[in-house]
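Residues per chain, in single letters:
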Amino acid sequence: MRNRLLAIAAIAGAMSAPIAAQAQSEMTTGAVRGGTVVINDDEGIAVEQRPAFREYIVRERVPTYTIPDRVVVGGVLPESGVTYYDVPERFGMMPYRYTVVNGETVLVEPRSRRIVQVVE
């Protein structure tokens, strides 16, 4: 009986390893009320461009907008009160705009106001 339990545990562990490895791939996931949003890291500001983009935001003195919710990928920003800015072409031509919420720079899909990337 004990050997059977150990065998079942070993099989379960072997089956879950690929799922755990897949979860650590180059994806960003954010839980949202009622759904999950997954984007590839290459859809936002590239990793090597993020420091320059943060410097750009500081130079532009973009004001921060405060919301009571956590800033997460997939979160939707309020309809009014938030100002969105065009992303300069040197950071990639993308359909997103940016703003600063709770002190964090975020890329937002303009039509839905859904956060697609928190630029760290």
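You'll find the structure just up there.
Residues numbered from 1 in each chain as written. Predicted model: local features only at pLDDT ≥ 70, side-chain atom pairs only at ≥ 80, totals over all residues. Heavy atoms only, no water.

Peer 1: What exactly am I supposed to notice about the side chain of Thr99 here?
Peer 2: One can find Thr99 in strand S5 (residues 97-101). One polar contact links the side chain of Thr99 to the main-chain carbonyl oxygen of Thr83, over a distance of 2.8 Å. Among all residues touching Thr99, those that are not within four sequence positions of it are Leu77, Val82, Thr83, Tyr84, Tyr85, Glu104, Thr105, Val106 and Val108. (Helix = DSSP H or I, 4+ residues; strand = E, 2+ residues; numbered from the N terminus. Polar contact = N/O pair within 3.5 Å; in protein donor to acceptor, adjacent residues only side chain to side chain. Contact = heavy atoms within 4.5 Å.)

Peer 1: How should the environment of Pro63 be read in this particular structure?
Peer 2: Relative to the helices and strands, Pro63 resides in the loop between helix H2 (50-60) and strand S3 (64-65). Contact partners of Pro63, with chain neighbours within four places excluded, come to Tyr85 and Val100.

Peer 1: Hey, could you run me through the environment of Pro68 in this one?
Peer 2: With respect to the element layout, Pro68 can be found in the loop between S3 and strand S4 (85-86). Residue Pro68 is classed as exposed on the basis of its relative accessible area of 84%. The spacing of Pro68 and Asn102 is 34 residues in sequence and 8.7 Å in space, taken between C-alpha atoms. (Buried < 20%, exposed > 50% of the residue type's maximum accessible area, 1.4 Å probe, protein only.)

Peer 1: I keep staring at the pairing of strand S7 (residues 114-119) and nothing clicks. Help me out?
Peer 2: Within a regular strand, side chains alternate between the sheet's two faces. Among the six residues in S7, five count as buried, and that is most of the element. Two elements, strand S6 (residues 104-109) and S7, share five bridges in a ladder whose sense is antiparallel. By the bridge assignment, Thr105 is partnered in S7 with Val119. From the end of S6 to the start of S7, which pair antiparallel, there are four residues, and Arg113 there has a positive phi angle of about 65°. (Pairing = 2+ DSSP bridges.)

Peer 1: Honestly, H2 in this entry has me stumped. Any pointers?
Peer 2: Helical geometry note: an α-helix holds 3.6 residues per turn, so side chains three or four residues apart project in the same direction. Restricting attention to buried positions, one finds in H2 the residues Arg50, Phe53, Tyr56 and Ile57. Taken end-on, H2 shows its buried residues confined to a sector of 115°, consistent with a single buried face. Facing away from the buried side of H2 by over 90 degrees, the exposed positions are Glu55, Val58 and Arg59. The elements touched by buried residues of H2 are S5, S6 and S7. (Arc of directions from axis to C-beta.)

Peer 1: What's the story with the pairing of S6 in this structure? I'm lost.
Peer 2: Looking at chain direction, S5 and S6 are connected through five bridges and run antiparallel. Bridge pairing in S6 places Val101 opposite Glu104. From the end of S5 to the start of S6, which pair antiparallel, there are two residues, and Asn102 there has a positive phi angle of about 50°.

Peer 1: Sorry if this is basic, but what is going on with the packing of aromatic side chains here?
Peer 2: Two aromatic rings, taken as a pair, are described by how far apart their centres are and by the angle between their planes. Scanning the model with the defined rule gives six aromatic pairs in all. Look at Tyr56 and Phe91: their rings are 6.0 Å apart centre to centre, the planes differ by 55°, and that puts the pair in the tilted class. In this pair, Tyr56 sits in helix H2 while Phe91 sits in the loop between S4 and S5, placing the two residues 35 residues apart along the sequence. (Phe/Tyr/Trp six-rings, centres within 6.5 Å; stacked < 30°, edge-to-face > 60°.)

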